[in-house]
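# Structural overview for review
Listed below are the residues making up each chain.
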There are 2 protein chains.
Amino acid sequence: MLSERKQKVLEAVVREYISTAEPVGSRTLFRRHNLGVSSATIRNEMADLEEMGYLEQPHTSAGRIPSDLGYRFYVDNLMQANPLPEGEQELLRQVPASGITETDILLSQVSRLLSQVSNYISLVLGPRTDRGVLRTLKLVPLEEHVAMAVLFTDQRKVESRVLVLPPQVEPEDLEGLSRYFTRRLAGRPLEEITGELLTTLYLELLEDYCAKRDRLAELGQALVNWLAGGGRRVKVYTGGTQNILRQPEFQDLEKVRRLLALLEEEELLHKLLEREPGVTVTIGQENELPAVRECTVVTSTYSVDGEPVGVLAILGPTRMDYAHVISLLEYMAGCLSEAFANISVRRTVAMPKQKTAAKEPV
Amino acid sequence: MLSERKQKVLEAVVREYISTAEPVGSRTLFRRHNLGVSSATIRNEMADLEEMGYLEQPHTSAGRIPSDLGYRFYVDNLMQANPLPEGEQELLRQVPASGITETDILLSQVSRLLSQVSNYISLVLGPRTDRGVLRTLKLVPLEEHVAMAVLFTDQRKVESRVLVLPPQVEPEDLEGLSRYFTRRLAGRPLEEITGELLTTLYLELLEDYCAKRDRLAELGQALVNWLAGGGRRVKVYTGGTQNILRQPEFQDLEKVRRLLALLEEEELLHKLLEREPGVTVTIGQENELPAVRECTVVTSTYSVDGEPVGVLAILGPTRMDYAHVISLLEYMAGCLSEAFANISVRRTVAMPKQKTAAKEPV
DNA sequence: GTTAGCACTCTCGCACCGAGAGTGCTAAGA
DNA sequence: TCTTAGCACTCTCGGTGCGAGAGTGCTAAC
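Calculation rules
- Residues numbered from 1 in each chain as written.
- Chains lettered and ligands numbered in written order.
- Predicted model: local features only at pLDDT ≥ 70, side-chain atom pairs only at ≥ 80, totals over all residues.
- Heavy atoms only, no water.
- Least-squares fit on C-alpha atoms with pLDDT ≥ 70 in both.
- Contact = heavy atoms within 4.5 Å.
- Buried < 20%, exposed > 50% of the residue type's maximum accessible area, 1.4 Å probe, protein only.
- Helix = DSSP H or I, 4+ residues; strand = E, 2+ residues; numbered from the N terminus.
- Polar contact = N/O pair within 3.5 Å; in protein donor to acceptor, adjacent residues only side chain to side chain.
- Buried area = accessible area lost by both parts, 1.4 Å probe.
- Salt bridge = Lys/Arg side-chain N within 4 Å of Asp/Glu carboxyl O.
- Domains from an automatic or database assignment.
- Near = heavy atom within 4 Å.
- Nonpolar A, V, L, I, M, F, W, Y, C, P; charged D, E, K, R; others polar.
- Pairing = 2+ DSSP bridges.
- Axes fitted to C-alpha atoms, helices over the stretch in contact; angles between N-to-C directions.
- Core = buried A, V, L, I, M, F, W, Y, C linked by side-chain atoms within 4.5 Å.
- Phe/Tyr/Trp six-rings, centres within 6.5 Å; stacked < 30°, edge-to-face > 60°.
- Lys NZ or Arg CZ within 6 Å of the ring centre and 35° of its normal.
- Parallel < 35°, antiparallel > 145°, perpendicular 65-115°, else oblique.

### Things to note about the relation of the copies chain B and chain A
Relating the two copies of this chain is a rotation about some axis coupled with a shift parallel to it. Least-squares fitting of chain B to chain A yields an RMSD of 0.1 Å, with the superposition described by an axial translation of 0.0 Å and a rotation of 180 degrees. What the superposition gives is, in effect, a two-fold axis relating one chain to the other. In terms of proximity to the rotation axis, the leading residue of chain B is Val-140 of chain B, whose C-alpha is 3.8 Å off the axis. Take the interface residues of chain B: 100% of them recur as interface residues in chain A, which is what a same-surface contact looks like.

### Section: helix H10 (residues 253–263) of chain A
Across the eleven residues of H10 of chain A, eight count as buried, placing the element largely inside the fold. All of the buried residues along H10 of chain A are Leu-253, Lys-255, Val-256, Arg-257, Leu-259, Leu-260, Leu-262 and Leu-263 of chain A. Check the buried side of H10 of chain A and you find it contacts strand S3 (121–125), strand S7 (236–239), helix H11 (266–272), strand S9 (295–304) and strand S10 (307–317) of chain A together with helix H10 (253–263) of chain B. Its side-chain oxygen placed 3.2 Å from the backbone nitrogen of Glu-254 of chain A, Asp-252 of chain A serves as the N-cap of H10 of chain A.

### Some remarks on the interface of chain B and chain A
Facing the 50 residues of chain B at the interface are 51 residues of chain A. When chain B packs against chain A, the two sides together hide about 4500 Å² of surface, and 56% of this comes from carbon and sulfur. Three residues stand out in chain B for area buried against chain A, namely Leu-253, Arg-257 and Glu-264 of chain B, and they jointly supply 13% of the buried area on that side. Applying the counting criterion to the chain B and chain A interface returns two salt bridges. We note a salt bridge from Arg-112 of chain B to Glu-265 of chain A, for which the minimum N-O separation is 3.5 Å. Counting only elements with at least two residues in the side of chain B that touches chain A, the list comes to helix H6 (103–118), strand S4 (134–143), strand S5 (146–153), strand S6 (158–164), H10, helix H13 (345–350) and helix H14 (352–359) of chain B. Take the side of chain B that touches chain A: its biggest share by element is seven residues, from S4 of chain B.

### Notes on the environment of Ala-186 of chain A
Residue and element names in this part refer to chain A. Within the secondary structure, Ala-186 sits in the loop between helix H7 (171–185) and helix H8 (195–208). C-alpha of Ala-186 to C-alpha of Thr-20: the two residues are 166 residues apart in sequence and 57 Å apart in space. Look past the residues within four positions of Ala-186 in its chain and what remains in contact with it is Leu-134, Arg-135 and Phe-181.

### Quick word on the domain arrangement of chain A
The domains assigned to chain A are domain 1 (4–78), domain 2 (86–128 + 235–347) and domain 3 (134–232). With centres defined by C-alpha atoms, the gap from domain 1 of chain A to domain 3 of chain A works out at 63 Å.

### Structural notes on the protein's contact with DNA strand D
In the region of DNA strand D, 21 residues are neighbours, and Arg-5, Thr-41 and Ser-61 of chain A together with Ser-26 and Arg-64 of chain B sit closest. The contact atoms of DNA strand D, taken as those within 4 Å of the protein, divide so that sugar and phosphate hold 71%. Contacts to DNA strand D include Arg-64 of chain B, whose side-chain N or O atom sits 2.9 Å from a phosphate oxygen. Sorting the residues of the surface near DNA strand D by element identifies helix H3 (39–51) of chain A together with helix H2 (26–32) and helix H3 (39–51) of chain B as the ones contributing at least two each. Per-class residue counts for the surface near DNA strand D are four nonpolar, 13 polar and four charged.

### Brief notes about the sheet that holds S4 of chain B
What links the strands of a sheet is backbone hydrogen bonding, and the strands pair in either a parallel or an antiparallel sense. Residue and element names in this part refer to chain B. One open sheet accounts for three strands, arranged S4-S5-S6; its pairing is antiparallel. Here the strands that pair on one side only, and so sit at the sheet edges, are S4 and S6. Averaged over all neighbouring strand pairs, the angle between strand axes comes to 20 degrees, with direction disregarded. Summarising the sheet, S4 and S5 pair through eight bridges and their orientation is antiparallel. Across the sheet, Leu-139 pairs through a bridge with Ala-149, a residue of S5. Helix H7 (residues 171–185) contacts S4 and S5 of the sheet and is inclined by roughly 170 degrees relative to S4.

### Examining the side chain of Asn-243 of chain B
When you line up the elements, Asn-243 of chain B lands in the loop between strand S7 (236–239) and H10. Sequence-distant contacts of Asn-243 of chain B, that is, excluding residues within four places in its chain, are made with Ser-115, Asn-119 and Tyr-120 of chain B.

### A short note on the nonpolar core
Counting residues in each nonpolar core, the largest one holds 57 residues, and the members touching the most others are Leu-10, Leu-29, Leu-114, Leu-312, Tyr-322, Met-332 and Leu-336 of chain A. Examining the composition of this core, we find that twelve residues originate from one element, helix H12 (residues 322–342) of chain A, more than from any other. Split by domain, the residues of this core number at least three in each of domain 1 (4–78) and domain 2 (86–128 + 235–347) of chain A. When near neighbours in sequence (up to four residues on either side) are disregarded, Leu-29 of chain A contacts Val-9, Ala-12, Val-13, Glu-16, Val-24, Leu-35, Ile-42 and Met-46 of chain A. Residues Val-9, Leu-49, Val-117 and Leu-329 of chain B belong to the second largest nonpolar core, which totals 56 residues.

### Some points on the protein's contact with DNA strand C
Around DNA strand C, the structure places 21 residues, and the nearest of them are Ser-26 and Arg-64 of chain A together with Arg-5, Thr-41 and Ser-61 of chain B. Put simply, 76% of the atoms of DNA strand C that lie within 4 Å of the protein are in sugar or phosphate. Between a sugar or linking oxygen of DNA strand C and a main-chain N or O atom of Ser-61 of chain A, the distance comes to 3.4 Å. Among the secondary structure elements, those contributing two or more residues to the surface near DNA strand C are helix H2 (26–32) and H3 of chain A together with H3 of chain B. Sorting elements by how many residues they give to the surface near DNA strand C places H3 of chain B first, with four residues. Here the surface near DNA strand C is built from residues that sort into four nonpolar, 13 polar and four charged.

### Concerning the packing of aromatic side chains
Inspection of every chain in the model, using the stated rule, returns eight aromatic pairs over all chains. With a centroid separation of 5.9 Å and 70 degrees between ring planes, the pair formed by Tyr-180 of chain A and Phe-181 of chain A is classed as edge-to-face. As far as the burial class goes, Tyr-180 of chain A and Phe-181 of chain A line up, both buried. Summarising the aromatic geometry, the rings of Tyr-302 of chain B and Phe-340 of chain B are spaced 5.9 Å apart at their centres and angled 15 degrees between planes, so their arrangement reads as stacked. Here Phe-340 of chain B lies in helix H12 (residues 322–342) and Tyr-302 of chain B lies in strand S9 (residues 295–304), a separation of 38 residues in the sequence. A single burial state applies to Tyr-302 of chain B and to Phe-340 of chain B, both of which are buried. It is Lys-255 of chain A that lies over the ring of Phe-250 of chain A; its NZ or CZ is 5.8 Å from the centre.

### Considering the pattern of salt bridges
Side chains that differ in sign of charge can pair as their charged atoms come close. Under the counting rule described, the total for this entry stands at 30 salt bridges over all chains. Residues joined by salt bridges that share partners form a network here, namely Arg-5, Lys-6, Glu-45 and Asp-48 of chain A.

### So, the packing of helix H1 (residues 4–20) of chain B against helix H4 (residues 68–78) of chain B
All names here are of chain B. Contact geometry of H1 with H4 gives a least axis separation of 10 Å together with a crossing angle of 110 degrees. Classed by the angle they form, the pair H1 and H4 counts as roughly perpendicular. Between H1 and H4, the residues in contact are Gln-7, Leu-10, Glu-11, Val-14, Arg-15, Tyr-17 and Ile-18 and Gly-70, Tyr-71, Phe-73, Tyr-74 and Leu-78, respectively.

### Digging into the environment of Ile-42 of chain A
Along the polypeptide, Ile-42 of chain A turns up in helix H3. Measuring from C-alpha to C-alpha, the distance between Ile-42 of chain A and Ser-26 of chain A comes to 5.7 Å, with 16 residues separating the pair along the chain.

As structure tokens, then:
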């Protein structure tokens with residue numbers, strides 16, 4: 001374990017480097033942080049910290065900068081969380097206050113706010129769609145030969161798609177199909193609804209429908225493809241990419257290029273944002289993706305109806321204002337969860353009696 | 001007008017500069033393009049061209065580079081269109097061949113292909129939604145207290161939104177509302193469907209429905225907000241942002257930053273992509289947006305059912321491979337239009353007889 | 001009108017140098 | 001034994017100077 005003085009020195013180095021982006025020397029530290037000892041002592045401590053792997057020296061006669069390990073120790077042991085500044089809180093309160101009900105617009109705004117406040121790159125992973133429980137699957141005739149398939153889950157999630165109908169499929173057929181699928185699938189978690197299951201169900205159904213078999217087959221296949229297919233991909237919202245260019249560690253164009261390329265690869269971003277609930281911090285080499293080996297990714301999950309369903313993240317240099325970013329993400333996750341709660345359908349659906357009862361006398 | 005020889009020299013300068021990115025001198029031109037005259041003559045012509053505004057000199061003893069005017073002349077008079085290379089054509093044919101029916105996925109792929117083939121930034125403006133003609137407006141009960149509103153137009157465009165129902169609204173009410181709105185609005189272009197019109201209709205309707213008036217009012221208002229509101233915004237897809245960093249003219253980080261910032265401003269991009277049908281080329285200072293004053297934007301519209309509804313664009317330095325980019329965009333627009341035609345609902349809807357008739361005997 | 005020749009200009013890369021910052025080591029002091 | 005002052009040493013960084021190279025503009029000859 002590190003002696004208390006070493007911890008103090010390490011903390012001072014990290015703080016100083018985060019705010020100046022310059023390698024910090026013992027003299028600077030001596031002048032600006034009063035550590036109670038001379039620069040020579042600090043120098044010795046810094047030499048020790050370097051040997052232990054917490055600091056690095058860009059070149060012999062430069063100051064030192066924290067290593068990934070140094071940041072890690074700082075985040076785990078030294079950093080103190082401070083609440084988000086009033087002004088920023090106010091800015092973020094827009095999200096639940098705005099009354100926006102479109103998930104898409106809501107998340108774009110969240111992403112924009114995150115990058116604006118943090119001055120780093122923001123990433124927002126949309127609510128996962130493989131969790132919810134199916135409630136209704138409906139085929140709605142729109143007009144002759146056109147119908148819409150609607151998938152409705154308990155997590156205020158609706159998906160729909162237009163289907164072109166084979167000739168001579170009747171509205172009753174659609175109703176029958178809707179009822180059948182809903183009856184057999186309602187209550188099942190979406191992740192269970194695989195291609196095989198659907199196909200099985202579907203074949204079963206066709207037995208009863210021999211007369212129209214051929215016509216329905218085509219339609220059913222389209223439906224199966226949709227439900228089982230990748231249609232349910234989760235979107236990633238990015239924002240503030242230009243912020244990265246303000247960071248002195250990203251003056252190297254090749255580095256920036258790699259990062260920009262990453263931001264266009266949705267699958268990689270998904271991988272990057274697969275995180276457990278709560279706040280996580282991944283520093284430099286701790287990251288699996290090579291493109292972010294010199295970056296830190298801080299994430300926080302947000303919830304809908306108490307269940308973590310999506311991820312907010314900040315991507316920046318390892319020299320990041322950790323305390324600020326963490327409280328920012330926590331606060332924003334709260335706001336977003338709140339915004340979702342405001343417009344939650346589930347609540348309304350799950351407890352209609354209560355709500356009706358409460359509202360009626362007014 | 002320019003003498004033929006001047007045109008030849010200008011063309012040679014543009015071609016040379018496009019491929020090397022270095023200011024071109026009279027000697028280089030003499031060596032690589034055989035213009036039939038000596039370097040001294042070329043030198044004189046170049047001096048003239050500079051005086052006329054077609055060329056510029058970065059500094060006294062450097063070669064020359066084309067000015068915006070020079071590029072303009074090149075594009076309008078000198079450049080010869082050549083067909084897209086086989087390999088690239090093949091790549092782009094994926095789009096109509098893939099069978100993808102989700103507009104969103106289709107356009108992401110188009111954007112990706114465009115940037116990949118061009119090595120510049122690609123922009124894709126989704127199909128405009130204010131054009132189509134409303135066919136059906138439907139309120140579909142999903143379960144108790146939850147319904148979905150569906151807007152269906154002739155341009156294979158469907159929008160939908162979940163509505164939480166006020167207590168004690170009956171499914172019949174929904175059907176009534178659907179029928180009423182559809183009857184009154186069907187056949188109208190979406191752009192005519194404004195808040196005022198809807199409100200008028202809606203008030204009219206309430207007359208007939210006095211009994212449930214209060215309950216329906218809330219629902220109707222939500223509907224009006226949706227239809228009249230900005231819900232129908234058109235998405236912009238971007239791709240290949242990292243390509244810009246490969247261009248020697250974008251080594252200046254501040255320039256890159258401004259461009260990246262622009263790419264996150266949807267409204268500005270909309271403005272940038274508001275173009276007339278066909279191919280347009282906007283060079284450097286011809287652009288209104290300051291952030292792209294050193295760039296060229298080439299656009300091409302694509303069509304659904306013969307009507308131009310969206311825009312493909314390439315954004316790159318003014319030193320751009322114009323001929324290639326133009327044929328790329330034209331070809332891609334064709335592919336995309338084709339892809340839309342494949343999945344067009346309108347065709348099926350508009351001419352069901354024909355299609356049915358043609359299909360039935362098979 | 002075209003071309004060869006030539007003097008002139010400007011950039012770019014390279015080496016050099018001195019200032020400044022920071023280190024490591026040593027020796028003296030507590 | 002730990003701390004500190006002092007000092008020599010190292011390394012970067014910005015500025016300067018210089019020569020090579022590329023290109024021009026001008027002049028005079030064809």
